[in-house]
Amino acid sequence: MPLLIKNGNIVTAETRYRADIYIEDETITRIEEKLSAPPGTEVIDAAGKLVFPGFIDPHVHIYLPFMATFAKDTHETASIAALVGGTTTFIEMCCPSRQDDALEGYQLWKQKAEGNSACDYAFHMSVTKFDDKTTSQLRQIVADGTASFKIFLSYKNFFGIDDGEMYQTLKLAEKLGVITTAHCENAELVSQLQQELLVAGKIGPEWHEPSRPETVEAEGTNRFATFLEHTGATGYVVHLSCAPALKAAVDAKLRGVKLSVESVLPHFLLDKTYAERAGVEGMKHVMSPPLRDKRNLSALWSALRAGLIDTVGTDHCPFDTTQKLLGKDAFTQIPNGIPGIEERVNLMYTYGVKRGSLDLHRFVDALSTRAAKLFGLFPRKGAIAVGSDADLVIYDPDYRGTISASTQHVNNDYSGFEGFAIEGRPAAVTVRGKVQVRDGAFVGEKGRGKFLRREPQYGAAHAS
Ligand SMILES: [Zn+2]
């Protein structure tokens, strides 16, 4: 059935105007003033609402065996949570460990998502070792439509790779024209600092941050940038959390390194005092890089406003309180991660746009359009234009509510943002022209989501 969205205030990364949007066969086919609906058209009146392109979360974990357990969401629960919060596409980290076969891992992740996601999705392929098979396997994975890699400079012996493997991965990425995303820390320093703290009896969650301090992240960021510089590859720092790492990334951008920067929701709103709370309350806020000293928050907001931080993701990674308690005798055993896929848009709108810290267009850019462009989804996603997929968020800026685990759709028994007020939420969300959410409830079709194939777009081979 065709869909007509009337009287909306369309807001994209560049512009704002009043027009109606007509959708046929999953695609936007007309954007004009005062369109009339042919018989049989479903009509949504968007008067008083903002109409955004569907938001894109460029960094989530859904299926994830990690730290002796599994993250709690399924693709069904995470995608419904995403949609209720206005996110219509996510890019999941496909994360086989060093012990796993990369191609088998890739197939496993795809299988887990296939037919189970209510929104569209893609993957970043983690390169967690570089051996004889890696080049041909990664070529196959890129040919299958997964045109971005992920590397970890942390999590030694599990996901982490050494500098030689990073060099080989970036050389290959450059040759294939794909972008490489990186978790930037110094694995050796983290490992040494963790052991020293534990030996000294410092075992609580408040010691997680001191075990991976800001300088350790800045070093990883600078090292990644230096390797990009010497390989000519294109890179993307994930979940940058602090001013010293930001300085390393901006210095690299200024000297011409092809580097983009993502920060994630928790680092804009929470500081390390959350992880310093006693017992499981602190453990709920253990993630890596860790929550930082409060002085970093204003630096991140300024950089986001200025576009020096390109995108805002979540690093969505839910572990429940029982799982968090695996680390009750040692902070190094607390599963790292916090959910956020459902809250990102509303919290960044409230504490960014409404509080005057973020321009409305930069908000759309950072939470949708920039990720679409960087990861080969634009203009299919991240745009409101004739020919684009009809992924739309009809947003009610007058809604008032409070975040609570008791009403969330994420499969977890806590929210890291419990009690935060929100000023705005999606009134309706469409995925390729089908209404999937109305007023905070999932009303659509489970399993509607499709795997998004992406083409390589970087490097000399793909220069336009
Ligand atoms: Zn992550």
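Structural data are supplied above this passage.
These numbers come from a predicted model, not from an experiment.

Draft legend 1. A look at the coordination of the zinc ion. Bound to the zinc ion on the protein side are His 59 (NE2), His 61 (NE2) and Asp 315 (OD), at distances that span 2.0 to 2.2 Å. Every donor residue of the zinc ion comes from the same chain, spaced as H-x1-H-x253-D. Here the residue His 61 occupies a position in the loop between β6 (55-60) and β7 (65-66), and Asp 315 occupies one in the loop between β15 (311-313) and α12 (321-324), the gap between them amounting to 254 residues. Residue His 61 is classed as buried on the basis of its relative accessible area of 6%.

Draft legend 2. Broad picture of helix α14 (residues 360-374). Spanning 15 residues, α14 covers 20 Å between terminal C-alpha atoms, matching the ideal 21 Å at 1.5 Å per step. Most of α14 is tucked away: 13 of the 15 residues are buried. Remark: Gly 376 follows α14 within two positions and exhibits a positive phi of approximately 70°.

Draft legend 3. Looking closely at unusual backbone geometry. Note the cis peptide between Ser 288 and Pro 289, where omega equals -5°. Tracing the backbone through its elements, the reader meets Pro 289 in the loop between α10 (279-283) and α11 (295-306). Its identity as a non-glycine residue notwithstanding, Lys 34 has a phi of 50°, on the positive side. Residue placement: Lys 34 occurs in the loop between β3 (27-32) and β4 (42-45). One non-glycine residue with positive phi stands out, namely Ala 68, at about 70°.

Draft legend 4. Summary view of the packing of aromatic side chains. Counted according to the given criterion, the structure contains 25 aromatic pairs. Centre to centre, the rings of Phe 152 and Tyr 155 are 5.9 Å apart; their planes meet at 65°, and the pair counts as edge-to-face. Like Phe 152, the residue Tyr 155 is buried in the burial classification. Centre to centre, the rings of Phe 417 and Phe 420 are 5.9 Å apart; their planes meet at 80°, and the pair counts as edge-to-face.

Draft legend 5. Quick look at the environment of Tyr 458. Tracing the chain through its elements places Tyr 458 in the segment after β19 (441-442). Residues Tyr 458 and Lys 258, 200 residues apart in the sequence, show an inter-C-alpha distance of 10.0 Å. In contact with Tyr 458, other than residues within four places in its own chain, are Gly 177, Val 178, Ile 179, Thr 234, Lys 373 and Leu 374. Among the polar contacts made by the side chain of Tyr 458, one reaches the side chain of Gln 457 at a distance of 3.3 Å.

Draft legend 6. Fine view of the nonpolar core. Core analysis: the biggest nonpolar cluster contains 122 residues, and Phe 52, Phe 224, Leu 269 and Phe 363 have the highest contact counts within it. Not counting residues within four places of it along the chain, the set of residues in contact with Phe 52 comprises Val 11, Tyr 349, Leu 360, Phe 363, Val 364, Ile 384, Asp 391, Leu 392, Val 393 and Tyr 395. Counting residues in hydrophobic clusters, the runner-up holds 16 residues, among them Ile 23, Ile 28, Val 51 and Ala 428.

Draft legend 7. Inspection of helix α3 (residues 134-143) at higher detail. Looking only at α3, the buried set comprises Thr 134, Gln 137, Leu 138, Ile 141 and Val 142. The buried residues of α3 occupy an angular sector of 135° when the element is viewed end-on, so they sit on one face. Those residues of α3 that are buried are in contact with α2 (102-113), β10 (120-126), β11 (148-152) and α4 (163-176).

Draft legend 8. Quick peek at the side chain of Asp 396. Within the secondary structure, Asp 396 is located in strand β16 (residues 392-402). Buried and unpaired, Asp 396 has no salt bridge, with Lys 49 as the nearest side chain of opposite charge at 4.9 Å. A distance of 2.9 Å separates the side chain of Asp 396 from the backbone nitrogen of Asp 398, its partner in a polar contact. In this view, Asp 396 contacts Lys 49, Gly 424, Arg 425 and Ala 427; residues no more than four positions away in its chain are not counted.

Draft legend 9. Structural view of the pattern of salt bridges. For the coordinates displayed, the defined rule picks out 35 salt bridges. Two residues, Arg 223 and Asp 163, come together in a salt bridge whose shortest N-O distance is 2.7 Å. Of the two residues, Arg 223 is situated in helix α7 (residues 214-231) and Asp 163 in helix α4; the sequence distance between them amounts to 60 residues. Exposure remark for Arg 223: the relative accessible area of 14% places this residue in the buried category. A relative accessible area of 32% means that Asp 163 is categorised as partly exposed. Where Arg 295 meets Glu 214, a salt bridge forms, and the shortest distance between an N and an O atom there is 2.6 Å.

Draft legend 10. Inspection of the packing of helix α8 (residues 243-254) against α11 at higher detail. With their axes 9 Å apart at the nearest point, α8 and α11 run at an angle of 30° to one another. Taken together, the axis directions place α8 and α11 in an arrangement best described as roughly parallel. From α8, Ala 243, Pro 244 and Leu 246 reach across to α11, where they touch Arg 295, Asn 296, Ala 299 and Ala 303. For the contact of α8 with α11, a count of residues per class yields five nonpolar, one polar and one charged.

Draft legend 11. Highlighting the state of the cysteines. What the rule picks out here adds up to zero disulfides. Free of any disulfide, Cys 94 has its nearest cysteine sulfur in Cys 95, 6.8 Å distant. Cys 317 provides the cysteine sulfur closest to Cys 119, a residue in no disulfide bond, and the two sulfurs are 17 Å apart.

Draft legend 12. Here's a closer look at the sheet that holds β15. Taken together, eight strands build an open sheet; the order of strands is β6-β9-β10-β11-β12-β13-β14-β15 and the sheet is parallel. Lying at the two open borders of the sheet, with one neighbouring strand each, are β6 and β15. Strand after strand, the sheet turns through a mean of 30° between neighbouring axes, direction not considered. Direction of pairing for β6 relative to strand β9 (residues 87-94): parallel, over a ladder of four bridges. The residue of β9 that forms the bridge with Val 60 is Glu 92. Each of β6, β9 and β15 touches helix α13 (residues 344-354); the most contacted strand, β6, lies at about 110° to it.

Reading the values: rules and limits
Residues numbered from 1 in each chain as written. Predicted model: local features only at pLDDT ≥ 70, side-chain atom pairs only at ≥ 80, totals over all residues. Heavy atoms only, no water. Donors = N, O, S within 2.8 Å, 3.2 Å for Na, K, Ca; no water. Helix = DSSP H or I, 4+ residues; strand = E, 2+ residues; numbered from the N terminus. Buried < 20%, exposed > 50% of the residue type's maximum accessible area, 1.4 Å probe, protein only. Expected span 1.5 Å × (residues − 1). Phe/Tyr/Trp six-rings, centres within 6.5 Å; stacked < 30°, edge-to-face > 60°. Contact = heavy atoms within 4.5 Å. Polar contact = N/O pair within 3.5 Å; in protein donor to acceptor, adjacent residues only side chain to side chain. Core = buried A, V, L, I, M, F, W, Y, C linked by side-chain atoms within 4.5 Å. Arc of directions from axis to C-beta. Lys, Arg positive; Asp, Glu negative; His and termini not counted. Salt bridge = Lys/Arg side-chain N within 4 Å of Asp/Glu carboxyl O. Axes fitted to C-alpha atoms, helices over the stretch in contact; angles between N-to-C directions. Parallel < 35°, antiparallel > 145°, perpendicular 65-115°, else oblique. Nonpolar A, V, L, I, M, F, W, Y, C, P; charged D, E, K, R; others polar. Disulfide = S-S within 2.5 Å. Pairing = 2+ DSSP bridges.

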